[in-house]
Amino acid sequence: MTTAPSVGVFALQGDVREHLQVLTALGADAFPVRRPAELERCDGLVLPGGESTTMAKLARTFELLEPLRERVRDGMPTFGTCAGMILLADRIEGGTADQETIGGLDVTVRRNAFGRQVDSFEADLPFAGLAEPVHAVFIRAPWVERTGPGVEVLAEAAGHPVAVRQGHLMATSFHPEVDGDGRVHRVFLGLLGG
Ligand SMILES: NC(=O)CC[C@H](N)C(=O)O
């Protein structure tokens, strides 16, 4: 690509720094997003892992929720990881009664799906379009319970989708930012049109 794409990382809560590092290493102009003006600068956005109910509440408080919904609806490439996957989902199971999302991704996501016994685990998963498996780190992770017709499954674990794509939207249940392997982020940057 001729100029580096501007890629924001939602930064009101969650593991922001690791995403910024991976995106920067891949040549993106990566920066934290806490305000609507910062969101306006974004060619693409990452919604990191964290706590999805807290992230949604803070987005509402800081007047980012509606602008986020608008940008996602208007086609901004957006990548949600773990809690970020929950935020992108149109439907949640196991959420709190009043839990809001940004939405846009036609999936039903189950929060904390892998159960208490396996709070966190790691697995090497085949990932559509990548020659070698991805080392996936799951931390109190969701899985995708149901997908709409336009949703492509990129990876699965325990018989459920854990990475999906629908047009300009992409989401993983796991944390591709923690082991320094930039391949999944590179797939996302490919959605920015380069
Ligand atoms: N690592 C994570 O992002 C965990 C997500 C968290 N369990 C939630 O429901 O928001």
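Everything quoted here is computed from the prediction, not taken from an experiment. (Residues numbered from 1 in each chain as written. Predicted model: local features only at pLDDT ≥ 70, side-chain atom pairs only at ≥ 80, totals over all residues. Heavy atoms only, no water.)

1. Overview of the site of the ligand
Where we set the bar: Consider each residue's heavy atoms; a residue with any of them within 4 Å of a molecule or strand counts as near. Any pair of N or O atoms that falls within 3.5 Å is considered a polar contact. Within protein, one atom must be able to donate a hydrogen and the other to accept it, and sequence-neighbouring residues count only if both atoms are side-chain atoms. Values of accessible area rely on a 1.4 Å probe in the Shrake-Rupley scheme; residue burial ignores everything except the protein chains shown. Cavity means a closed set of points on a 1 Å grid over the protein atoms alone, one where a 1.4 Å probe fits but cannot get out, pocket means an open set with protein on both sides within 12 Å along at least 5 of 7 lines, and lining means a residue has an atom within 4 Å of a point. Just a note on the criterion: a molecule sits in a pocket or cavity if more than half of its atoms are within 2 Å of the grid points. Under this grouping Gly is polar, as are all residues other than the nonpolar Ala, Val, Leu, Ile, Met, Phe, Trp, Tyr, Cys and Pro and the charged Asp, Glu, Lys and Arg.
In the neighbourhood of the ligand, the contacting residues comprise Gly49, Gly50, Glu51, Ser52, Cys82, Ala83, Ile86, Arg111, Asn112, Ile139, Arg140 and His175. One nitrogen or oxygen atom from the main chain of Ser52 is found 2.6 Å from an oxygen atom belonging to the ligand. The contact in question runs from an oxygen atom of the ligand to an N or O atom on the side chain of Arg111, over 2.7 Å. If the ligand stood free it would expose 300 Å²; the protein chains cover 93% of that surface. With respect to the pocket detection grid, the ligand is positioned in the largest pocket. Considering only residue class, the shell around the ligand consists of four nonpolar, five polar and three charged.

2. Details of the UniProt feature "active site" (unreviewed entry) in the chain
Definition in use: UniProt positions are given in the numbering used here, feature names are shortened, and annotations may be inferred rather than shown by experiment. Numbering of helices and strands starts at the N terminus; helices are DSSP runs of H or I of at least 4 residues and strands are runs of E of at least 2. Three labels apply to residues, based on accessible area from a 1.4 Å probe with only protein chains included: buried if under 20% of the type maximum, exposed if over 50%, partly exposed otherwise in between. Any two residues whose heavy atoms approach within 4.5 Å are treated as being in contact.
UniProt's feature table lists "active site" (unreviewed entry) at Cys82, His175 and Glu177, given in the numbering used throughout. The greatest C-alpha distance among the residues just named is 11.0 Å, despite their covering 96 residues of sequence, which places them together in space. Considered against the largest pocket, the annotated residues that line it turn out to be Cys82 and His175. Mapped onto the secondary structure, Cys82 falls in the loop between β4 (78-81) and α5 (83-88). Residue class for Cys82 comes out buried when judged on its relative accessible area of 4%. Setting aside chain neighbours within four positions, we find Cys82 in contact with Gly49, Ile139, Arg140, Ala141, Pro142, Thr172, Ser173, Phe174 and His175. With respect to the helices and strands, the residue Glu177 is situated in the loop between β12 (169-172) and α6 (183-190).

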